[in-house]
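Per-entry structural report
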Amino acid sequence: MPRTMDELEVSGRRVLLRLDLNVPLKDGQVADDTRIRAAAPTVRALAERGAVVVACSHLGRPKGKPEPRYSLAPVAPVLAERSGCPVLFVEDVVGEKAKAAVEEAKPGQVVLLENLRFDPREEANDPEFARALASLADVYVNDAFGAAHRAHASTAGVAQFFAEKAAGPLMLAELAALSKVKDNPQRPLVVIAGGAKISGKLETLQALSQKADVLCLVGGLANTFLLAQGVSVGRSLVEPDLVELARQILEQAHARGTEVVLPVDVVVAENLEAAEGQVVPVTAVPANGMILDVGPQTVKLIASKVGKGTVFWNGPAGVFEKPPFAAGTLAIARALGESQAFTVVGGGESVEAVQLAGVASRISHVSTGGGASLEYLAGATLPGVAALEA
Ligand code: ADP
Ligand code: MG
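What comes next is a walk through the structure. (Residues numbered from 1 in each chain as written. Chains lettered and ligands numbered in written order. Predicted model: local features only at pLDDT ≥ 70, side-chain atom pairs only at ≥ 80, totals over all residues. Heavy atoms only, no water.)

1. Quick notes on the overall build of the protein chain
Quick note on the threshold: By definition, any uninterrupted DSSP run of H or I lasting at least four residues is a helix, any uninterrupted run of E lasting at least two residues is a strand, and each is numbered from the N terminus. Within these notes, the globule rule equals 2.2 Å times the number of residues to the 0.38 power, and the radius of gyration is based on C-alpha atoms. A simple rule labels every residue: compare its accessible area, found with a 1.4 Å probe on the protein chains alone, to the largest value its type can have, and call it buried under 20%, exposed over 50%, or partly exposed in between. For the charge count, each Lys or Arg is scored as positive and each Asp or Glu as negative, with His and the chain ends excluded. Charge positions come from single atoms, namely NZ of Lys, CZ of Arg, CG of Asp or CD of Glu.
When its secondary structure is counted, the protein chain shows 14 helices and 17 strands. Over its C-alpha atoms the protein chain spans a radius of gyration of 23 Å, differing by no more than 12% from the 21 Å that the globule rule assigns to 390 residues. For the C-alpha atoms alone, the extent of the protein chain along its principal axes is close to 70 × 45 × 35 Å. Every one of the 390 residues in the protein chain was classed for burial, and the buried ones make up 55%. Taking the average location of the 37 positive side-chain charges in the protein chain and that of its 44 negative ones, the two points are 2 Å from each other.

2. What to know about the pairing of strand β15 (residues 310–314)
Where we set the bar: Should DSSP find at least two bridges between two strands, the strands are regarded as paired. Orient the strands so they point away from the viewer; a crossover is then right-handed if the path from the first strand over the helix to the second runs clockwise.
A large share of β15 lies buried, amounting to 5 of its 5 residues. The two faces of β15 match: T310, F312 and N314 on one face and V311 and W313 on the other face are all buried. Bridge count between strand β9 (residues 189–193) and β15: 5 bridges; the pairing is parallel. Looking at the pairing, I192 lines up with W313 of β15. Across 5 bridges, the pairing between β15 and strand β16 (residues 342–346) is parallel. Across the sheet, the residue bridging to F312 is V344, located in β16. Handedness of the β-α-β unit built from β15, helix α11 (residues 327–338) and β16 comes out right-handed.

3. Section: the side chain of T310
In plain terms, the rule: Contacts are assigned to residue pairs with any non-hydrogen atoms lying within 4.5 Å of each other.
Take T310: it is sitting in strand β15. Not counting residues up to four positions away in its chain, the partners in contact with T310 are K180, V181, P185, Q186, P188, L189, V190, A341 and F342.

4. Points about the site of ligand 1
Convention followed: The nearness test applies per residue and asks whether one of its heavy atoms lies within 4 Å of the molecule or strand. Within 3.5 Å is the distance limit for a polar contact, defined as a pair of N or O atoms, with the added protein rule that one can donate a hydrogen and the other accept it, and that residues adjacent in sequence qualify only through two side-chain atoms. All residues other than Ala, Val, Leu, Ile, Met, Phe, Trp, Tyr, Cys, Pro, Asp, Glu, Lys and Arg, Gly among them, are scored as polar; the first ten of these are nonpolar and the last four charged.
K201, I291, E321, E349 and S350 are the nearest of the 18 residues found near ligand 1. Contacts to ligand 1 include G348, whose backbone N or O atom sits 3.2 Å from an oxygen atom. Interatomic distance of 2.4 Å between a side-chain N/O atom of S350 and an oxygen atom of ligand 1. Secondary structure elements with two or more residues in the shell around ligand 1: α8 (219–228), β14 (290–294) and α12 (348–356). Per-element tally for the shell around ligand 1: the top contributor is α12, with 3 residues. Classifying every residue of the shell around ligand 1 by side-chain character gives 6 nonpolar, 9 polar and 3 charged.

5. Regarding the sheet that holds strand β4 (residues 52–56)
Operational definition: All axes here are fitted lines through C-alpha atoms, helices being fitted over the stretch that makes contact, and every angle between N-to-C directions spans 0 to 180 degrees.
Ordered in space as β5-β6-β4-β1-β7-β8, the 6 strands form an open sheet in which the pairing is parallel. One side of each edge strand has no neighbouring strand; the edge strands of this open sheet are β5 (87–90) and β8 (165–167). Between one strand and the next, the sheet's axes are offset by a mean angle of 20°, whatever the strand orientation. Alignment of β4 against strand β6 (residues 110–113), held across 3 bridges, turns out to be parallel. Counterpart to A55 in the pairing with β6 is L112. Sheet strands in contact with helix α3 (residues 96–104) are β1 (14–18), β4, β5 and β6, and its direction is about 165° off that of β5.

6. Describing the packing of α8 against helix α9 (residues 243–256)
Our working definition: Oblique is the label for every angle not falling under 35 degrees (roughly parallel), over 145 degrees (roughly antiparallel), or within 65 to 115 degrees (roughly perpendicular).
With their axes 8 Å apart at the nearest point, α8 and α9 run at an angle of 85° to one another. Taken together, the axes of α8 and α9 lie roughly perpendicular to each other. Residues T224, F225, L227 and A228 of α8 form the contact with α9, whose participating residues are V243, A246, R247, I249 and L250. A per-class count over the contact of α8 with α9 returns 7 nonpolar, 1 polar and 1 charged.

7. Considering the pattern of salt bridges
Opposite charge on two side chains lets them pair, provided their charged atoms get close. Stated formally: By convention in these notes, a salt bridge is any Lys or Arg side-chain nitrogen within 4 Å of a carboxyl oxygen on Asp or Glu.
Taken as a whole and assessed by the stated rule, the structure comprises 18 salt bridges. We note a salt bridge from D138 to R14, for which the minimum N-O separation is 3.1 Å. Here R14 lies in strand β1 and D138 lies in the loop between α5 (127–134) and β7 (139–142), a separation of 124 residues in the sequence. Judged by its relative accessible area of 31%, D138 is partly exposed. Accessibility expressed as a relative area gives 26% for R14, which makes it partly exposed. For the salt bridge of E273 with K322, the shortest nitrogen-to-oxygen distance reads 3.4 Å. Of this pair, E273 sits in the loop between β12 (265–269) and β13 (278–281) while K322 is found in the loop between β15 and α11, placing the two residues 49 residues apart along the sequence. The class for E273 is exposed, based on a relative accessible area of 61%.

Set out below in structure tokens:
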């Protein structure tokens, strides 16, 4: 584990703070400030300890050049409000303006640099860019877990130029929670995997299916497994290329004694626009039907597995964005909310689902790491974490 920022001497010193301020913007305003609210305590803690905070982040995917619609400028006032610290936005990343702003800043003040990805050298992990970024500060804190799976200049390259570096509290909380799933989980370990597709989650699914005591497969992802078992899924979303692999995962799970729970009943409709779906046994999906949610028997079965031990859930059980197909996902979210288990939910849409169900505060850890969480659980070394430990 990396050091914590409490172990760093920051008073009167400049701290380069890598944050995840990658928030959605709409009409030049912050549309959802969840990530800013999450980052605010880290900023405040450093400022209160007398640091000059040099905050940086990426936002969106500008193509290595300034694109006004991806500017971090609208984030500055929101960060100031949420942290209670003065935040000066500087329209520059590592140039003269940035240097001057940092030099003038007083302890307790925050300088927010412009979107790191306005410079192509950020994503290229360019050593000169990393050195220039590092020259703005004395110590380095990375609290952007969501970007830790990328070896970019601000997450990886920059660290080698600092003798003193640490992980921020959000990063440490993610690592602590995810390692409780990955390493020596409290048994039983129940993994619920769903969402649209197997591809993209393959390594994580394989790694966790090796460790899990119970593997529940739901959502679009389950369809390919059903197909591998010879079940007709009509016009449901499937990945024909992955049927063989799905078969292997099922065989390995069986050989290991892992209990696999596949949908026993499903909600089908002719298309996504249908006003309502029909619950049918999984063996009775009509040829022109699409599986768009799990049925109540499947929910009951899964709910009966999640009461204790450790539960990791990634990927909704149905097209929960559409009310007729949301019941399964919301019911699973509520079951996790009521569970005595150590519960971790990860993934963009899965996190939205627990929020929609109103149970986010009853989940032990809601991981906002997305891709980074999945890579970590798959056993990968995250460049952004390794750089802090080197
Ligand atoms: P997460 O963001 O939680 O990792 P994914 O991105 O893998 O999850 O998948 C989320 C999407 O999966 C949701 O938008 C949902 O509509 C879709 N989905 C879930 N079940 C099905 C299904 N049976 N058929 C088609 N899409 C599905
Ligand atoms: Mg998603």
